[in-house]
Amino acid sequence: MRGMTILPAHTVETSTPAASASLAPLHVEYVRAATADLLAQANTLAVIGFGDTAQTSDDPRWLRVRLDADGAAPLEVWRAAGPVTRGRDGDVAWASNGDYAFVALEVDEATHGGIADAARHAYSTLAQWLRRSATAHFLRIWNYLDAINDGEGDAERYRLFCAGRAVGMDSAFVDYPAATAIGVRDGRRVLQVYALAARVPGHAVENPRQLNAWRYPRQYGPSAPGFARAMRAPSSSPQLYISGTAAIVGHTSHHPEDLAAQLNETLANLDSLLGAAGSTSSLGAMSPLKVYVRHASDVQIVRELLCARLGDEVPLLLLQGDVCRRELLLEIEGVH
Ligand code: 3EB
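Being a predicted model, the structure only gives us computed values, none of them experimental. (Residues numbered from 1 in each chain as written. Predicted model: local features only at pLDDT ≥ 70, side-chain atom pairs only at ≥ 80, totals over all residues. Heavy atoms only, no water.)

S.K.: Go over the packing of helix H4 (residues 259–276) against helix H5 (residues 299–310), please, and point to the residues and values.
M.R.: It is the contact of H4 with H5, at a shortest axis distance of 11 Å, that shows an interaxial angle of 40 degrees. The pairing of H4 with H5 is recorded here as oblique in orientation. The chirality of how H4 crosses H5 is right-handed. Contacts between H4 and H5 pair Leu 259, Ala 260, Leu 263, Asn 264 and Leu 267 from the former with Ile 301, Val 302, Leu 305, Leu 306, Arg 309 and Leu 310 from the latter. Here the residues of the contact of H4 with H5 are counted per class, giving 9 nonpolar, 1 polar and 1 charged. (Axes fitted to C-alpha atoms, helices over the stretch in contact; angles between N-to-C directions. Helix = DSSP H or I, 4+ residues; strand = E, 2+ residues; numbered from the N terminus. Parallel < 35°, antiparallel > 145°, perpendicular 65-115°, else oblique. Left-handed = near helix turned anticlockwise from the far one by under 90°. Contact = heavy atoms within 4.5 Å. Nonpolar A, V, L, I, M, F, W, Y, C, P; charged D, E, K, R; others polar.)

S.K.: Can you explain the nonpolar core? Please cite residues and give values.
M.R.: Within the largest apolar cluster, 48 residues are counted, with the highest numbers of intra-cluster contacts made by Leu 26, Leu 45, Trp 78, Tyr 144 and Tyr 194. Of all the secondary structure elements, the ones that give two or more residues to this core are strand E1 (27–31), strand E2 (44–50), strand E3 (62–65), strand E7 (100–108), strand E8 (137–146), strand E9 (178–184), strand E10 (190–198) and strand E17 (316–320). Excluding its chain neighbours within four sequence positions, the residues that come into contact with Tyr 144 are Val 65, Leu 67, Thr 180, Ile 182, Val 184, Val 190, Leu 191, Gln 192, Tyr 194 and Tyr 292. Ranked by size, the runner-up nonpolar core spans 32 residues in total, among them Val 92, Ala 118, Ile 141 and Ala 197. (Core = buried A, V, L, I, M, F, W, Y, C linked by side-chain atoms within 4.5 Å. Buried < 20%, exposed > 50% of the residue type's maximum accessible area, 1.4 Å probe, protein only.)

S.K.: Would you mind going over the packing of aromatic side chains in detail, with residue names and values included?
M.R.: Two descriptors summarise a pair of aromatic rings, namely the distance from one centre to the other and the angle between the planes of the rings. For the structure shown, the criterion picks out 11 aromatic pairs. Between Trp 78 and Trp 142 the ring centres are 5.6 Å apart and the planes differ by 40 degrees, which places this aromatic pair in the tilted class. Residue Trp 78 is found in strand E4 (residues 75–79), and its partner Trp 142 is found in strand E8; the two are separated by 64 residues along the sequence. For the pair Trp 78 and Trp 142, one class covers both residues: buried. Geometrically, the ring pair formed by Tyr 144 and Tyr 292 is tilted, given 6.3 Å between the ring centres and 55 degrees between the ring planes. With Tyr 144 in strand E8 and Tyr 292 in strand E16 (residues 289–293), the pair connects residues that are 148 residues apart, well separated along the chain. Ring pairing ties together the aromatic residues Trp 78, Phe 102, Trp 142, Tyr 144, Tyr 194 and Tyr 292, which thus form one cluster. The ring centre of Trp 142 lies 4.2 Å from the NZ or CZ of Arg 140, which sits over that ring. Above the plane of the ring of Tyr 220 lies Arg 325, whose end atom (NZ or CZ) is 3.9 Å from the centre. (Phe/Tyr/Trp six-rings, centres within 6.5 Å; stacked < 30°, edge-to-face > 60°. Lys NZ or Arg CZ within 6 Å of the ring centre and 35° of its normal.)

S.K.: Which residues make up the site of the ligand, and what are the values?
M.R.: Around the ligand, a shell composed of 13 residues is seen, among which Tyr 158, Arg 165, Tyr 216, Arg 229 and Cys 324 lie nearest. Contact distances for the ligand include 2.5 Å between an oxygen atom and a side-chain N or O atom of Tyr 158. Computed on the free molecule, the ligand has an accessible area of 360 Å², of which 100% lies beneath the protein chains in the complex. Among the secondary structure elements, those contributing two or more residues to the shell around the ligand are helix H3 (157–168) and E9. Here the shell around the ligand is built from residues that sort into 8 nonpolar, 2 polar and 3 charged. (Near = heavy atom within 4 Å. Polar contact = N/O pair within 3.5 Å; in protein donor to acceptor, adjacent residues only side chain to side chain. Areas by Shrake-Rupley, 256 points an atom, 1.4 Å probe, with all protein chains shown as cover.)

S.K.: Pulling in residues and values, what's your account of the side chain of Asp 322?
M.R.: By the element assignment, Asp 322 lies in the loop between E17 and strand E18 (330–335). A polar side-chain atom of Asp 322 sits 2.6 Å from a polar atom in the side chain of Arg 185. Here Asp 322 is in contact with Ile 148, Asn 149, Ile 182, Gly 183, Arg 185 and Arg 294, once residues within four sequence places are set aside.

S.K.: Describe the sheet that holds strand E11 (residues 203–205), and please don't skip the residues or the numbers.
M.R.: Spatially, 6 strands are ordered E11-E12-E13-E18-E16-E17 in an open sheet, and the strand pairing comes out mixed. The open sheet terminates on both sides in strands that have one partner only, identified here as E11 and E17. Averaged over all adjacent pairs, the angle separating strand axes in this sheet is 15 degrees, with direction ignored. As paired elements, strand E12 (residues 230–232) and strand E13 (residues 240–245) share 3 bridges and run antiparallel to each other. What sits directly across from Met 231, in E13, is Tyr 241. Across the sheet, H5 touches E16, E17 and E18, and the angle it forms with E17 is around 155 degrees. (Pairing = 2+ DSSP bridges.)

Nothing here speaks to function; it is geometry throughout.
Right, here's the structure in full:
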């Protein structure tokens with residue numbers, strides 16, 4: 001978003017949880033259950049399925065992400081305190097309990113002349129929806145697009161996506177939210193964007209080991225990616241939404257082609273991020289992590305290495321997905 005007037009208010013955030021914190025925390029977990037049973041619960045804000053799960057629903061709270069897991073994936077469920085209302089406004093599927101909202105939409109690239117304009121359209125549509133809602137503040141956004149690394153140089157699809165996203169972000173984005181952008185490989189040129197928003201703004205957190213992504217130098221593309229390394233929720237107990245985190249130190253990818261070294265660097269980045277967020281606990285049973293692994297053949301070894309480093313308590317969801325820089329073999333996100 002270089003050259004634009006909207007800049008995040010925060011740089012490196014090191015303070016303890018803010019006094020404005022006020023919402024009951026959202027509950028995020030991976031479960032093995034029937035979609036219909038989860039959706040039957042009045043406080044269910046979203047249910048996300050992965051890969052070619054047989055489960056499906058017309059409910060706006062249901063979303064399928066087109067990434068395969070190692071074996072049958074659990075469902076990701078978001079639960080709010082108190083009853084959730086839901087609906088569709090045009091292409092936007094939404095659900096809200098008044099404090100938090102889940103919003104999702106899919107944009108066909110062909111109807112927008114490509115990935116850049118599809119991203120612009122997705123972001124301006126979501127921003128417009130949020131502005132009219134009780135939950136105007138983005139906390140966390142996920143972006144899934146086909147063939148993310150196709151195209152050379154500034155014509156790479158990820159860079160085009162970043163350019164369109166930068167245009168589509170408007171005043172709804174006072175701070176950049178935490179985010180994920182991952183490539184799917186099913187040949188469907190449909191951009192999928194979904195988000196968590198809140199009635200009260202969160203606090204963006206940056207990572208002292210990493211350059212703020214929105215300050216990445218020109219070599220990574222004409223539009224720097226607009227996201228924060230993490231977002232502290234405005235919740236009554238501390239909750240951190242961690243962006244996709246990879247083996248980037250400063251702005252440079254480290255250990256190209258070395259899976260184990262990238263994993264260690266990524267874990268060092270996560271440690272540093274938790275420190276910057278003022279977190280007093282390490283990753284554990286209450287820290288569901290999602291791990292994107294570029295090569296299906298690496299998934300099992302990544303699971304083993306992670307269990308060895310983090311213990312068996314941390315809920316892990318491993319997905320085969322393409323990270324936005326070709327040399328990066330894995331990326332980890334999560335809630336803590
Ligand atoms: C990185 O640190 C790795 O463009 O929204 C991670 C999380 C990454 C979010 C995004 C990109 C995005 O730059 C890539």
